[in-house]
Amino acid sequence: MAKVICVTNQKGGVGKTTTAVNLAFYLAKEKYRTLLIDFDPQGNATSGMGVDKAALEKAYEPDSKVPGCSMTEVMLGTIGLLPVIQETKYKNLHIAPTTPQLANTEVELAKDKQRFTRLREAVKMIEGNYDYIIIDSPPSLSLLTVNGMITAEYLLLPVQTEFYAMEGVSQLLETMKLVKERLNPKLKLLGVLATMYDKRTSLSIQVLKEVEKYFKDKVFKTTIPRNVRVAEAPSHGVPVGAYDKFSKGAKAYRDLTREVISRTQK
Ligand SMILES: Nc1ncnc2c1ncn2[C@@H]1O[C@H](COP(=O)(O)OP(=O)(O)OP(=O)(O)O)[C@@H](O)[C@H]1O
Ligand SMILES: [Mg+2]
């Protein structure tokens, strides 16, 4: 059975997608069969993995003759995950890409009896093919995010080591608690990841201390440094480990992956 990890934080721009993409990349490099699910209509994980988003979006043009084939249709319940999944350039790494239309499915989904469990049901059909499934979430506590939480066994919470890092975190933990009580008893916090950490600034150090005071040993020992190579890699459609494997950012994501493996293989 695959281990399903949902990378989530409703705060925008904290490093969710960067973490999902690079964790998936290094898990695959460690020879785990890995699926990255892009569950954010912004589609940053899709483009960050080099998938041609424009080609996927052609299906939604008014005179299109090809049917859509992305997470949008999976959430509408018209197709399963299998036809949506694409191979990537990397061995052991597959991706289920998304398009902006995924945002529109929330309205349809809200009317649907299976609104909470649609992703979980879709994942159940294919999880035997994978060791790890990584879900990248949108920056909201939307129905999509809740679907991610209901599907996963583990939540990975990235927090940016900047002012307001903990903003919204209590709301997120409350949502997690509700999901755990009502819909997914196996859900647990895998860990909290300090991102864009700059050890030269007292703000970064202070924020990390605060996060550690709150989450204690749930905080990963690895911190992700602010690193220009990490920021550049998505514009080339590749994870940082493929863009510059000797960069500090790549090394940090490799270390994080080892921690994730050890925490999930217990
Ligand atoms: N360690 C890092 N060093 C430098 N830049 C980074 C780092 N991590 C992420 N970034 C950059 O910060 C921005 C936000 O990162 P990312 O897209 O991963 O956040 P997110 O939480 O997924 O955002 P959203 O909430 O919009 O989905 C991106 O431009 C990304 O390239
Ligand atoms: Mg993102």
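Refer to the preceding data block for the structure.
Just so it is clear, the structure is predicted and the values come from calculations on it, not from any experiment.

1. Considerations on the overall build of the protein chain
Then, in step 1: A count of helical and extended segments in the protein chain gives twelve helices and seven strands.
Then, in step 2: Its C-alpha radius of gyration of 18 Å places the protein chain within 12% of the 18 Å reference for a compact globule of 266 residues.
Then, in step 3: With the C-alpha coordinates aligned to their principal axes, the bounding extent of the protein chain is approximately 55 × 40 × 35 Å.
Then, in step 4: By residue count, 48% of the 266 residues in the protein chain fall in the buried class.
Then, in step 5: Restricting to contacts in the protein chain with at least 6 residues of sequence separation, those with at least 24 account for 77%.

2. Describing the sheet that holds strand E2 (residues 34-38)
Then, in step 1: Taken together, seven strands build an open sheet; the order of strands is E3-E4-E2-E5-E1-E6-E7 and the sheet is mixed. A strand with exactly one partner marks an edge of an open sheet, and here the two such strands are strand E3 (86-87) and strand E7 (188-195).
Then, in step 2: Both strand E1 (residues 3-7) and strand E5 (residues 132-136) contribute to a ladder of five bridges, which runs parallel. Note on E5: the bridge partner recorded for Ile5 is Ile134.
Then, in step 3: Sheet strands in contact with helix H1 (residues 16-29) are E1, E2, strand E4 (93-96), E5, strand E6 (154-160) and E7, and its direction is about 165° off that of E5.
Then, in step 4: Each of E1, E6 and E7 touches helix H12 (residues 248-264); the most contacted strand, E7, lies at about 165° to it.

3. Overview of the packing of H1 against H12
Then, in step 1: Two elements in contact, H1 and H12, have axes whose closest approach is 9 Å; the angle formed by their N-to-C orientations is 70°. As judged from the angle between their axes, H1 and H12 are roughly perpendicular. Here Asn22, Leu23, Tyr26 and Leu27 of H1 lie close against H12, whose contacting residues are Tyr253, Arg254, Leu256, Thr257 and Val260.

4. Quick word on H1
Then, in step 1: The terminal C-alpha atoms of H1 lie 20 Å apart, and with 14 residues this matches the ideal 20 Å at 1.5 Å per residue to within 8%.
Then, in step 2: Buried residues dominate H1, accounting for 13 of its 14 residues.
Then, in step 3: Backbone geometry just after H1 places Lys31 at a positive phi near 75°.

5. Focus: the pairing of E1
Then, in step 1: Burial of E1 is extensive: five of the five residues sit out of reach of the surface.
Then, in step 2: Side chains Lys3, Ile5 and Val7 of E1 all project onto a buried face; the interleaved residues Val4 and Cys6 project onto the opposite face, where all are buried too.
Then, in step 3: Sheet topology note: the E1/E6 ladder contains three bridges and is parallel. Residue pairing across strands places Val7 opposite Leu156, the latter belonging to E6.

6. Re the packing of helix H6 (residues 118-126) against helix H7 (residues 143-151)
Then, in step 1: Interhelical geometry of H6 versus H7 gives an angle of 45° and a closest axis separation of 7 Å. The orientation of H6 with respect to H7, classified from their angle, is oblique. The handedness of the crossing between H6 and H7 is right-handed. Only Asn147, Gly148, Ile150 and Thr151 of H7 make contact with H6, whose side of the interface consists of Arg118, Leu119, Arg120 and Val123.
Then, in step 2: Counted by class, the contact of H6 with H7 contains three nonpolar, three polar and two charged residues.

7. Things to note about the site of ligand 1
Then, in step 1: Near ligand 1 lie 20 residues; those nearest to it are Lys16, Thr17, Thr18, Pro139 and Ala231.
Then, in step 2: Elements supplying a minimum of two residues to the shell around ligand 1: H1 and helix H10 (228-232).
Then, in step 3: When residues in the shell around ligand 1 are grouped by element, the largest group, three residues, is from H1.
Then, in step 4: Of the residues contributing to the shell around ligand 1, the split by class is seven nonpolar, ten polar and three charged.

The rules behind each value
Residues numbered from 1 in each chain as written. Chains lettered and ligands numbered in written order. Predicted model: local features only at pLDDT ≥ 70, side-chain atom pairs only at ≥ 80, totals over all residues. Helix = DSSP H or I, 4+ residues; strand = E, 2+ residues; numbered from the N terminus. Rg over C-alpha atoms; globule rule 2.2 N^0.38 Å. Buried ≥ 20, exposed ≤ 12 C-beta atoms within 10 Å, placed from the backbone. Contact = placed C-beta atoms within 7 Å. Pairing = 2+ DSSP bridges. Axes fitted to C-alpha atoms, helices over the stretch in contact; angles between N-to-C directions. Parallel < 35°, antiparallel > 145°, perpendicular 65-115°, else oblique. Expected span 1.5 Å × (residues − 1). Left-handed = near helix turned anticlockwise from the far one by under 90°. Nonpolar A, V, L, I, M, F, W, Y, C, P; charged D, E, K, R; others polar. Near = placed C-beta within 6 Å.

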